[in-house]
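If you want the building blocks of each chain, they are given just below.
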Amino acid sequence: MHELGLMQNIVDTVQDYARKSNVHKVVKVMLEVGQVSGVVPESLEFCFEVCTKQTALEGAVLEIEKIAAVGKCKTCGEGFDLLTHSFSCPKCGGADWEMISGRELIIKGLEVV
Amino acid sequence: MCETCGCGVNNPNGFLHEHESEPKRVELEEKVLRHNDRLAERNRGIFEATQVLVVNLVSSPGAGKTTLLETTIRALKGEMAIGVIEGDQQTDRDAKRIEATGVNVLQINTIDACHLDAHMIKHALDHFSLPELDLLFIENVGNLICPGAFDLGEDFRVVVLSAPEGEDKPLKYPGVFIGSHLVLVSKVDLLRILELEVNQFFTNVKKVHPHVPCLSLSAKTGEGMEGWYAWLRDKVKAKKKNLNQPPR
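Criteria and cut-off values
For every chain, the first residue of the written sequence is number 1, and numbering continues from 1 along that sequence. Labels follow written order: the first chain is A, the first ligand is 1, and so on. Confidence filtering applies because this is a predicted model: local features only for residues at pLDDT of at least 70, side-chain atom pairs given and counted only at 80 or more, and all residues used for totals across whole chains, interfaces and linings. Where helices and strands are cited, they refer to DSSP runs of H or I of at least four residues and of E of at least two residues respectively, numbered from the N terminus. Values of the radius of gyration come from C-alpha atoms, whereas the globule rule sets the reference at 2.2 Å times the count of residues to the power 0.38. Residues with at least 20 other C-beta atoms within 10 Å of their own are called buried, those with 12 or fewer are called exposed, and the rest are partly exposed. The C-beta atoms themselves are positioned from the backbone. Any pair of residues counts as being in contact when their C-beta atoms, constructed from backbone geometry, are within 7 Å of one another. Strands qualify as paired when DSSP identifies two bridges or more between them. To get an axis, fit a line to the C-alpha atoms, keeping to the stretch in contact for a helix; angles then go from 0 to 180 degrees between the N-to-C directions. Throughout this entry, Asp, Glu, Lys and Arg are counted as charged residues, while Ala, Val, Leu, Ile, Met, Phe, Trp, Tyr, Cys and Pro are counted as nonpolar. The remaining residues, Gly among them, count as polar. For every residue, the pLDDT score states the predictor's confidence, bounded by 0 at the bottom and 100 at the top.

## A short note on the overall build of chain B
Thought 1: Per the secondary structure count, chain B includes nine helices and eight strands.
Thought 2: Taking 2.2 N^0.38 as the reference for a compact globule, 248 residues should give roughly 18 Å; the C-alpha atoms of chain B span a radius of gyration of 25 Å, well beyond that estimate.
Thought 3: With the C-alpha coordinates aligned to their principal axes, the bounding extent of chain B is approximately 90 × 45 × 35 Å.
Thought 4: Counting every position in chain B, which comprises 248 residues, the buried fraction comes to 43%.
Thought 5: Counted over contacts in chain B with a minimum sequence separation of 6, partners at least 24 positions apart contribute 71%.

## Observations concerning the sheet that holds strand β4 (residues 79–81) of chain A
Residues and elements named next belong to chain A.
Thought 1: The strand order across the open sheet formed by three strands is β4-β3-β5, and the pairing between neighbours is antiparallel. Two strands lie at the open edges of the sheet, namely β4 and β5 (97–101), each paired on one side alone. Taken pair by pair, the neighbouring strands of this sheet meet at an average axis angle of 35°, ignoring direction.

## Considering the interface of chain A and chain B
Thought 1: Chain A puts 26 residues into the contact, and the matching count from chain B is 26 residues.
Thought 2: At the level of elements, α1 (3–20), β1 (26–34), β5 and β6 (105–112) of chain A are the ones that each hand at least two residues to the side of chain A that touches chain B.
Thought 3: Here the element with the most residues in the side of chain A that touches chain B is β6 of chain A; it accounts for eight residues.
Thought 4: Grouping the amino acids of the side of chain A that touches chain B by side-chain chemistry returns 16 nonpolar, six polar and four charged.

## Focus: the confidence of the model for chain B
Thought 1: Summary statistics for chain B give a mean pLDDT of 92 and a share of 90% for residues scoring 70 or more.
Thought 2: Both scores are given for the predicted complex: the pTM is 0.88, the ipTM 0.86.

So this is what it looks like as structure tokens:
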């Protein structure tokens, strides 16, 4: 629900970078969005065009990599997708795990010309 | 010959021609919420220095956060100084209810926003004399998704899950539970009517966050409230001695 605000943050961060590094045109923005970050990638895409109008990012491509929610089983060490396996280890059935990924909300990088 | 690159291309505009540069890849690795996180750290520093325990209450709308706060404040205000920040999109209804308990309260209306953020909290703190407080509650905007993403600088994030919402909510909305430090299953006086057991709630909470402590209570009947008060007393005391583990 707060994707518009997040996208504004993303555009501001990239604009900051562009200004400091003398970059006039950003052609691609790469994001990592975790599956349990509370953010809907499709909504981010929707907001991207609106937020990038008349900025160094106008016309750029938004590339979103979805990061799976992965847990590492504390019993047997197996790494597994928490959502597909309903939060229990598919190898040993263990319910105690440590979260490895899934909450990311990161501007990974850019392509600039 | 081209003056810029020295290639042999000749074109009608003399010796210059356009240079299509290849896009250059830049690694940023910036957190999208870096501004919020920075302000949250600043808030945390203020809470550290003033030794105020800060509890961020998160739940769906209607889970009973305000009622829980009213009852809690009436029970504990004789032994500790409490303040409340109320977050809602509109109205000061909750602030008025809290005000009636006799403690200092500030209402934040977020208008369009679906959560409180660290910047709003930073400004709200001007309303309080923090060194005189022992405990500051932040009642977040009722929403089981978005508040989970925003660190406010609080010591503990407490999720309130009310019995009528159903025992499957942790599985459906894992994000906010995964980021919590305590889960309160509230309105347990309704469990019998709902034909549910409190353990069904606990089991699903532990599935998505194996080690989070869980309590069950009813602000209406008083059942389980002592456990919650004991938890708060313990954390307030630990905060005074700087003993609480940083939550993240």
